[in-house]
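# Descriptive analysis of the structure
Letter by letter, the chains look like this.
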Amino acid sequence: MSFRHLLACTDGSPRARKAVASAAKLAAACGAKLTVLYVIPPYVLPAYGEAAQYLPGVTAHLYKQRADALSRKVLAPAARLAHASGVDCETLAVNAAEPWTGVLHAAHRRKCDLIVMASHGRRGIAGALLGSETRKVLTHSRIPVLVVR
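Residues numbered from 1 in each chain as written. Predicted model: local features only at pLDDT ≥ 70, side-chain atom pairs only at ≥ 80, totals over all residues. Heavy atoms only, no water.

Before going further, it helps to examine the packing of aromatic side chains. Counting across every chain of the model gives one aromatic pair. For the pair tyrosine 43 and tyrosine 63, a centre-to-centre distance of 5.5 Å together with 50 degrees between the ring planes defines the contact as tilted. Of this pair, tyrosine 43 sits in the loop between β2 (33–40) and α2 (51–54) while tyrosine 63 sits in helix α3 (residues 60–84), and the two are 20 residues apart along the sequence. A relative accessible area of 24% means that tyrosine 63 is categorised as partly exposed. (Phe/Tyr/Trp six-rings, centres within 6.5 Å; stacked < 30°, edge-to-face > 60°. Helix = DSSP H or I, 4+ residues; strand = E, 2+ residues; numbered from the N terminus. Buried < 20%, exposed > 50% of the residue type's maximum accessible area, 1.4 Å probe, protein only.)

Next up, the structure:
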């Protein structure tokens, strides 16, 4: 099977960087395009006065500026890695309340035929409490998913 457009997801972690590197190598071997995705959680207005103590002065505008800066910081090394592999690469940052939905929407909008994600390997109570975005993508995706560990 040959792929034409891969979507690699990153959160900037070492495991995600490994997944992006694997996606870049696969895209190069297939002659495919690569889109590297970073999902930004939406701004949530503190609901209680006490919450303002933890996020003093963080307005929606300031949150957006910080989120945009972080997405550039996370996506730039991924794009450099892909370009070094000789792959046509585009970066994309999207807003989504749940990362897995952002991944699936981006993959469908970009007409990707493979999603590449890292697995952080959380097991036991941590895996149950934190959930797994990769597992949610695997469960809900009609597009093949390659999980890198």
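That was the structure; now back to the text.
Turning next to the sheet that holds β2. Paired through their backbone hydrogen bonds, the strands of a sheet run either parallel or antiparallel. Taken in spatial order, the five strands of this open sheet run β3-β2-β1-β4-β5, and their pairing is parallel. Both edges of this open sheet fall to β3 (89–95) and β5 (145–148), since each of them pairs with a single strand only. Taking each pair of neighbouring strands and ignoring which way they run, the sheet shows an average axis angle of 25 degrees. Sheet topology places strand β1 (residues 5–9) next to strand β4 (residues 114–118); three bridges connect them, and they run parallel. Residue pairing across strands places alanine 8 opposite valine 116, the latter belonging to β4. Together, β2 and β3 form the strand contacts of α3, whose direction differs from that of β2 by roughly 155 degrees. Across the face of the sheet, helix α6 (residues 133–140) comes into contact with β4 and β5 while running at roughly 160 degrees to β4. (Pairing = 2+ DSSP bridges. Axes fitted to C-alpha atoms, helices over the stretch in contact; angles between N-to-C directions. Contact = heavy atoms within 4.5 Å.)

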